[in-house]
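Topology and contacts: notes
What follows is the residue order along each chain.
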Amino acid sequence: MVNFHCIAEGCSNDSRKKHNAVKYPDMILNGCIVDFHVLPSVIKNPKLRKLWLSQIRREGFNPDPNCHWHALCSRHFIEGRPTKENAVPTLFAYNNYKTGTPRDTKNSTLRPIEQLILTTQPANIVTVSQLPKVPRQKKYIPDIPVISYIEKPSLDHTYCTSTEVSEDVSIEEKCVMLIENSNTLEQKCQRYETDNNQLRKQVKLLQVELHATKEENKVLNEKFNNTDELLKDKLVEKLTKSNSNVKCFLGLPSISMLFGIFKLLEGHASKMKYWMGPDSSDGKRWQVNNKKKPGASRKLTFFEEFVITLLRLRLGLNTYVLSLLFGVSQSTISRVFTTWISLMAQCLGPLIKWPSKEKIKKHMPLSFRRKYPNTRVIIDATEFYVQRPRNPTAQSKTWSNYKSKNTFKTLVGITPNGAFSFISDLWTGNISDRSITERSGFIDLIEKGDHVMADRGFLIKDLLLSKGATLNMPPFTRPCKHGKGRCLTAKEIKESKSIASLRIHVERSIQRLKSYKFLSGVMPINSLSVANQALKVAGFFCNLMKPLVQKL
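Remember, it's a predicted structure, so these values are computed and weren't measured experimentally.

**Notes on the pattern of salt bridges**
- Evaluated as defined, the whole model comprises 10 salt bridges.
- The shortest N-O distance in the salt bridge between Arg-503 and Asp-380 comes to 3.6 Å. You can see Arg-503 sitting in helix H15 (residues 490-513) and its partner Asp-380 sitting in strand S8 (residues 375-385), a full 123 residues away along the chain.
- Looking at Asp-380, the relative accessible area reads 9%, which means it is buried.
- Connected through salt bridges with shared partners, the residues Lys-357, Arg-376, Glu-447 and Asp-450 form a single ionic network.

Right, dumping it as structure tokens:
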């Protein structure tokens, strides 16, 4: 059952008090228990509902139309309930529950101003020319009707409504009145002129805004008419909408990181030279695009070229798909990718640093600190598939017996927390692990007392000993004394497990590196010239992500 409470201010009547009228005498009206009347419906009687709410006079009170328990008690209606004659409540605390009676006196009836104007005759107009000249007054008085300077009569008194000039007023007093009225008019004219100047300024501002709006509308119309531009803008907006989209499609951890790197590269982009292809002469292979302002008469902006490069690096999209998405030719896509990946490798590649021993120990994870606290780097070699070359010599050099395919090989080193500290150039797939370690320049970075962790196959113990370093590598199996096969001792098995549990982090880092599909897929022959640059850029992007191994 719904309980009603009177919503009038100062009224405490409640439908729950009906059964205890002796205790609540306000619930009795004319010998009867008060009733409650719900607010009129918003749909059926919106005007009546508005009148009720205005009579209640509760500031900020706007009840929900779906709430049907807002009501008024009978005490607020003249007849004790809403009727046709008295449908609106009028008895409230602010008027002491009384209704006012209209005044019926002669003084309350005012004479309409229209009647005053109609009764004024032109014969009553007195001009200055009709007045005698006063020698003491030297100021020029224009020949204007006197009635135009007389203020409108007050409607409160009947003695002010006459437009006739009193005969008792002297000529000097009349002149003084005219001069005062003239000064008032001058002040009004000055005020109107000031307002006019302000309006002119506002009009000028509105004209400037209108011109800017027209230009913006023109640009928008051009975009809507050009579907390629619209698709391109929508694609870039979608890719950079959230951190998850940036990480998934562009390979960077966040939007702020994306625009931060672009701002770093944007200063170099205005002066960079675009690759024009290997078939051009040496002087025309790189074309400088700084004859005009950056972006002038260009179909792609610098940011769009930056996004194209990230899309191809992260998702491995070919030039045909990217040309459809951005509305340019495949040769333009290839030229943009080659140019921008070279610029990014030049600017971001040196940021893959070889950290000092102090920094390594400062950020050493607990798992390494307990077992191998002197570990400086964890190394491993990884391979990337390439298209099979037509040249038999190139085929034999890129052939990998481990992968049974044509590959390129690189040596990577990570810190104990999983960040890349060394990435070598790409070598042909038939190179050995020892040879790539020796020829990549990795040994030159090793210092005395360093511990290097590696997998079986890295026969570089003698190279590290010459630098005063130690190699932590799982032990090799040996032939069993009894029976066939090879085996390890219990101590060697424990040592192998201990090293493998920590060396697995380099495999995780390589997996993160190969999440960039340009490297993990089969690289086309025409992209091998930028493979090294793509590898360094991908390694730098991996270092921007969260550490693989937590410190604690």
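Moving on from the model shown.
**What to know about the packing of helix H8 (residues 319-326) against helix H9 (residues 330-348)**
- Where H8 contacts H9, the two axes come as close as 8 Å, and the packing angle between them is 105°. Looking at the two axes, H8 sits roughly perpendicular to H9. Touching Thr-319, Tyr-320, Leu-322 and Ser-323 of H8 are Gln-330, Ile-333 and Ser-334, all from H9.
- Partitioned by chemical class, the residues of the contact of H8 with H9 number three nonpolar, four polar and no charged.

**With respect to the packing of helix H6 (residues 255-269) against helix H7 (residues 302-315)**
- Two elements in contact, H6 and H7, have axes separated by 11 Å at closest approach and are oriented at 120°. With respect to each other, H6 and H7 are oriented oblique. In this structure, H6 meets H7 at a crossing whose hand is right-handed. On H7, the residues touching Leu-258, Phe-259, Ile-261, Phe-262, Leu-265 and Ala-269 of H6 are Phe-302, Phe-303, Phe-306 and Leu-310.
- For the contact of H6 with H7, the class distribution of residues is 10 nonpolar, no polar and no charged.

**Section: H8**
- Every buried residue of H8 is accounted for by Thr-319, Leu-322, Ser-323 and Phe-326. For H8, the angular spread of the buried residues around the axis is 105°, confining them to a single face.

Here is what the cut-offs are and how they apply
Residues numbered from 1 in each chain as written. Predicted model: local features only at pLDDT ≥ 70, side-chain atom pairs only at ≥ 80, totals over all residues. Heavy atoms only, no water. Salt bridge = Lys/Arg side-chain N within 4 Å of Asp/Glu carboxyl O. Helix = DSSP H or I, 4+ residues; strand = E, 2+ residues; numbered from the N terminus. Buried < 20%, exposed > 50% of the residue type's maximum accessible area, 1.4 Å probe, protein only. Axes fitted to C-alpha atoms, helices over the stretch in contact; angles between N-to-C directions. Parallel < 35°, antiparallel > 145°, perpendicular 65-115°, else oblique. Contact = heavy atoms within 4.5 Å. Nonpolar A, V, L, I, M, F, W, Y, C, P; charged D, E, K, R; others polar. Left-handed = near helix turned anticlockwise from the far one by under 90°. Arc of directions from axis to C-beta.

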